[in-house]
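Residue-level structural notes
Residue-level listing of the chains:
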Amino acid sequence: MSTDKKIYQPNPAFAKHAAINSMDAYWKLQNKAIEDYEGFWKKYADEKIDWLSGYDKVLDESDAPFYKWFTEGRLNVSNQCIDRHLADKAHKTAILFEGDRGDVEEITYALLSLRVNKMANLLRHEFNVKKGDRVVLYMPMIPEAAYAMLACARIGAIHSIVFGGFSAEALKDRIEDAEAKIVITADGAYRKGKPYMLKQVVDSALEEGGESIEAVLVVKRNNEEINWVEGRDHNYNELITSQHAECPFEAMDSEDPLFLLYTSGSTGKPKGVQHSTAGYILWAQMTMEWVFDVKGDDIFWCTADIGWITGHTYIIYGPLAAGTTTVMFEGVPTYPDAGRAWKMVQDHKITQFYTAPTAIRVLHKMGEDEPKKYDLSSLKVLGTVGEPIDPPAWKWYYETVGNSNCAIVDTWWQTETGGHMISPLPGATPIKPGCATFALPGIMAEVLDYQGETKNDGGLLCITKPWPAMIRNIWGDPDRYVSAYFGDVSKNGTPIYFSGDGARVDEDGYITIVGRVDDVINVSGHRMGTAEIEAAVKKDDHVAEVAVVSRPHDIKGESIFIYIVLKEGHINKDIKNHINELLANEIGNIAKADHIIEVPGLPKTRSGKIMRRILRSIAKGEEITQDISTLEDPSIVEQIITSAREA
Ligand code: PRX
């Protein structure tokens, strides 16, 4: 990907005070982990976690790949994120909230404590939510979403956040899979100066199913009129006032699930990625300190939505565990204009800014010189996540946003990894643009083939040792956990975690992420399985067969490209609209296709397997170099190329 051969050295003034301040320091740490893996992790677990009672084993591999960390230890994540900071940070801002309309609220650690305790009492006493119960959050980006997450953690309930852009059908599926007891939502919120509504999606989801739900707790944010189901729906704003200000936290086991987060895989329905308590929170805090180098009075802003893993780890858990100030933003960075994000950086003196390449490309396109109108001198570290960043976007981010002073941390990780895995360290790593560089200390990343042999010129990105923040299971489906992550690659008979991504390693040991090698596509940093999209398209009565691939897109990184074979007749606007409507209803607006083309047939092998690689190449406009002689009907390829050209 990288055409820019220049290597960008860390800013020496910054490096002087950085947590990891040179490549020597990096290698020292990494070698320590290689020599004594458990000793390495023990040091940090002892240093960073406020144990209520100690653990007996650092890593238990006896039931691999169901790894356990810090077994028998007891802790509570809301204590890690709140209570333990109260002695010296009670008056420090924990959450700096900015609403879409510019309203700002500074929530100190003391106030956060009060609100989380009250919400925990509300859940525990009014709704009988107990340790281990599942709570679905379908929330906008408002502080109450953070209170709800931390309140669940406090009482040991397992939250499962469903991104507010997902449809009623997708919400219903997730509620049912998790067998959740309660949904916490809001009437709606504000976006681009206008109210938008969420509660109606919950109503539709529960009309269709979701029978495990006993109550819906509704935060009133925009006070627009909403439908109200007596007996089921409860008003948070009214109930919260009478709650007791103290709620003792549960002593959770290290391995108790902290949350579920559904994500797409290459087959079947989205899977409930299950994260642990101790290992997850440990790594969330460590990566804040290493990768973002937060300290002192830093103001950290991650622009993700809490509905994604980035929002979990780097808006809520990581920053708060590290005792920093985290910015939470309700709106979009392009409203009221392309300077909104930069104005926020200036107004709040933001020190670390973390966003996705898609957002960088949009902001770049909308206002090349916009950052220059603001004082961005507070910035120290710029981060990116979710998809490969292209050199023009990288360069603009570095030069215009960062004034060639800030390190860019291109962080590679996944919902399943809990936190960053491969990333530059801002005070240490000489950066090659577009390259995620090195595995963080303690993380053993290798690029292998299916037999576990090194394949640095292009292979499968694997993590060869378990790590504390790793996925523990797929909710209710341990077999799928094993097959999805440990089923493809093994070394000397030991199954190895395979990420689904392809990567390569250059002569200096730098890792570059190439993209997914499975049937998962990444639209604007949002991960979607082609199988899910295909299942939705098949619900259209005209469709006989369907295959979904991605096509490169200037802003979104990838867009959805759908090939359909019709039962009869020809494609028209109505069919296309209906297919997109189905995608919006079944999954959400993010799943709408940019291209839907009709083809006479799909390229299949004699055994009936669709050759997606050919379809991918055609969607990209590439020449077909693959051997097509094994196809059942090789002539179909030429016909598909013609249809694609005409579309
Ligand atoms: O393909 C990789 C891509 O995003 C996938 C993970 O998606 P998700 O679980 O939704 O989490 C996104 C936020 C952590 C990965 O398998 N990806 C993530 N970060 C990068 C990336 N691709 C290239 N460079 C990155 N920095």
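Residues numbered from 1 in each chain as written. Predicted model: local features only at pLDDT ≥ 70, side-chain atom pairs only at ≥ 80, totals over all residues. Heavy atoms only, no water.

Further remarks concern the overall build of the protein. Broken down by element type, the protein carries 20 helices and 31 strands. In terms of overall dimensions, the protein is globule-like: its C-alpha atoms have a radius of gyration of 24 Å, near the 26 Å expected for 647 residues. By its C-alpha atoms, the protein is 75 × 65 × 60 Å across when sized along the principal axes. Buried residues in the protein amount to 62% of all 647 residues. Relative to all contacts within the protein whose residues are 6 or more apart in sequence, the contacts with residues 24 or more apart total 71%. Here the protein displays about 24800 Å² of accessible surface, and carbon together with sulfur accounts for 46% of that area. (Helix = DSSP H or I, 4+ residues; strand = E, 2+ residues; numbered from the N terminus. Rg over C-alpha atoms; globule rule 2.2 N^0.38 Å. Buried < 20%, exposed > 50% of the residue type's maximum accessible area, 1.4 Å probe, protein only. Contact = heavy atoms within 4.5 Å. Areas by Shrake-Rupley, 256 points an atom, 1.4 Å probe, with all protein chains shown as cover.)

The next thing to look at is helix H7 (residues 143–155). Here H7 contains 13 residues, and its C-alpha end-to-end distance of 19 Å stays within 8% of the 18 Å for a straight helix at 1.5 Å per residue. Within H7, 13 of the 13 residues are buried, leaving the element largely enclosed by the surrounding structure. Of the residues one or two after H7, Gly156 is the one with positive phi, at around 80°. (Expected span 1.5 Å × (residues − 1).)

The next subject is the pairing of strand S10 (residues 194–197). Examined bridge by bridge, strand S9 (residues 188–191) and S10 share 4 bridges and lie antiparallel to one another. For Tyr190, the partnering residue across the bridge sits in S10 and is Pro195. Taken together, S9 and the strand that follows it, S10, pair antiparallel across an intervening segment of 2 residues, in which Lys192 is found at a positive phi of about 50°. (Pairing = 2+ DSSP bridges.)

The subject of this paragraph is the site of the ligand. Asp410, Thr411, Thr415, Asp501 and Arg527 are the nearest of the 17 residues found near the ligand. Contact between the ligand and Glu387: a nitrogen atom at 3.4 Å from a main-chain N or O atom of the residue. In this structure, an oxygen atom belonging to the ligand sits 2.8 Å away from a side-chain N or O atom of Arg516. Considering the ligand on its own, with 550 Å² of exposed area, one finds that the protein chains cover 95% of that surface. Of all the elements in the fold, those that place two or more residues in the shell around the ligand are helix H12 (309–321), strand S20 (407–411) and strand S26 (511–516). Taken together, the residues that form the shell around the ligand break down as 6 nonpolar, 6 polar and 5 charged. (Near = heavy atom within 4 Å. Polar contact = N/O pair within 3.5 Å; in protein donor to acceptor, adjacent residues only side chain to side chain. Nonpolar A, V, L, I, M, F, W, Y, C, P; charged D, E, K, R; others polar.)

On domain assignment, one finds that the protein holds domain 1 (36–331), domain 2 (445–516) and domain 3 (524–646). In this structure, domain 2 and domain 3 have C-alpha centres spaced 28 Å apart. (Domains from an automatic or database assignment.)

It is worth spelling out the side chain of Asn79 at this point. The topology assignment puts Asn79 in helix H4 (residues 77–81). Exposure remark for Asn79: the relative accessible area of 6% places this residue in the buried category. In terms of polar contacts, Asn79 uses its side chain to reach the side chain of Asp50, at 3.4 Å. The contacts of Asn79, once residues within four sequence positions are left out, are Asp50, Leu52, Arg84 and Phe249.

Turning to helix H8 (residues 168–178), its buried residues number three or more, namely Ala168, Ala170, Leu171, Lys172, Arg174, Ile175 and Ala178. Looking at the packing, one finds that the buried side of H8 touches strand S6 (134–138), strand S8 (182–186), helix H9 (199–208), strand S14 (257–263) and helix H18 (573–586). Two residues or fewer after H8 comes Glu179, characterised by a positive phi angle close to 45°.

Turning our attention to the packing of helix H17 (residues 530–537) against H18. Remark: H17 packs on H18, axes separated minimally by 9 Å, with the N-to-C direction vectors making an angle of 120°. Taken as axis vectors, H17 and H18 run oblique relative to one another. The way H17 lies across H18 gives a crossing that is right-handed. Contact residues: Ile533, Ala536 and Val537 in H17; Ile579, Leu582, Leu583 and Glu586 in H18. Residues belonging to the contact of H17 with H18 are distributed by class as follows: 6 nonpolar, no polar and 1 charged. (Axes fitted to C-alpha atoms, helices over the stretch in contact; angles between N-to-C directions. Parallel < 35°, antiparallel > 145°, perpendicular 65-115°, else oblique. Left-handed = near helix turned anticlockwise from the far one by under 90°.)

A word on a negative patch on the surface. A cluster of acidic side chains, namely Glu35, Asp36, Glu38 and Glu61, defines a negative patch on the protein surface. Within the secondary structure, Glu35 is located in helix H2 (residues 23–35). Classification of Glu35 by relative accessible area gives exposed; the value is 69%. (Patch = residues over 30% accessible without salt bridge, like charges linked within 9 Å, V, L, I, M, F, W, Y side chains within 5 Å. Salt bridge = Lys/Arg side-chain N within 4 Å of Asp/Glu carboxyl O. Lys, Arg positive; Asp, Glu negative; His and termini not counted. Charge placed at Lys NZ, Arg CZ, Asp CG, Glu CD.)

Looking now at the sheet that holds S8. Judged by pairing direction, the sheet is mixed, and its 8 strands sit side by side in the order S12-S11-S8-S6-S7-S14-S15-S23 without closing on themselves. Only two strands of the sheet have a single neighbouring strand rather than two, namely strand S12 (233–235) and strand S23 (473–474). Sheet topology note: the strand S15 (residues 271–276)/S23 ladder contains 2 bridges and is antiparallel. Counted as the bridge partner of Val273 is Ile474 from S23. Against the sheet, helix H11 (residues 278–290) contacts S14 and S15, and its axis sits at roughly 80° relative to S15.

Attention now goes to the pattern of salt bridges. Tallying each qualifying case throughout the model produces 41 salt bridges. The closest approach of N and O atoms between Asp253 and Arg74, which form a salt bridge, is 2.9 Å. Of this pair, Asp253 sits in strand S13 (residues 252–253) while Arg74 is found in strand S3 (residues 74–75), placing the two residues 179 residues apart along the sequence. A relative accessible area of 17% means that Asp253 is categorised as buried. Here Arg74 falls in the partly exposed class, since its relative accessible area comes to 27%. For Lys539, the salt bridge identified is with Glu586, shortest N-O distance 3.1 Å. With Lys539 in the loop between H17 and strand S29 (543–553) and Glu586 in helix H18, the pair connects residues that are 47 residues apart, well separated along the chain.

In this structure the tally under the stated criterion is 43 aromatic pairs. Where Phe438 meets Tyr510, the ring centres are 4.7 Å apart and the plane angle is 55°; that geometry is what we call tilted. Highlighted residues: Phe438 in the loop between S20 and strand S21 (445–448) and Tyr510 in the loop between strand S25 (494–505) and S26, separated in sequence by 72 residues. For the pair Phe438 and Tyr510, a shared accessibility class is recorded, and that class is buried. The residue whose ring lies beneath Arg174 is Phe166, and the NZ or CZ to ring-centre distance is 4.4 Å. In this structure, Arg191 packs its charged tip against the face of Tyr196, placed 4.2 Å from the ring centre. (Phe/Tyr/Trp six-rings, centres within 6.5 Å; stacked < 30°, edge-to-face > 60°. Lys NZ or Arg CZ within 6 Å of the ring centre and 35° of its normal.)

Let us now look at the environment of Leu206. On the secondary structure map, Leu206 appears in helix H9. Sequence separation between Leu206 and Thr324 is 118 residues, and the spatial gap between their C-alpha atoms is 38 Å. Ignoring sequence-local partners within four residues, the contact set of Leu206 consists of Ile175, Ile213, Val216 and Arg232.

With that out of the way, let us pick up the packing of H11 against H12. With their axes 8 Å apart at the nearest point, H11 and H12 run at an angle of 85° to one another. Judged by the angle between their axes, H11 and H12 are roughly perpendicular. The segment H11 lies against H12, with Tyr280, Ile281, Ala284, Gln285, Thr287 and Met288 engaging His312, Thr313, Tyr314, Tyr317, Gly318, Pro319 and Ala321.

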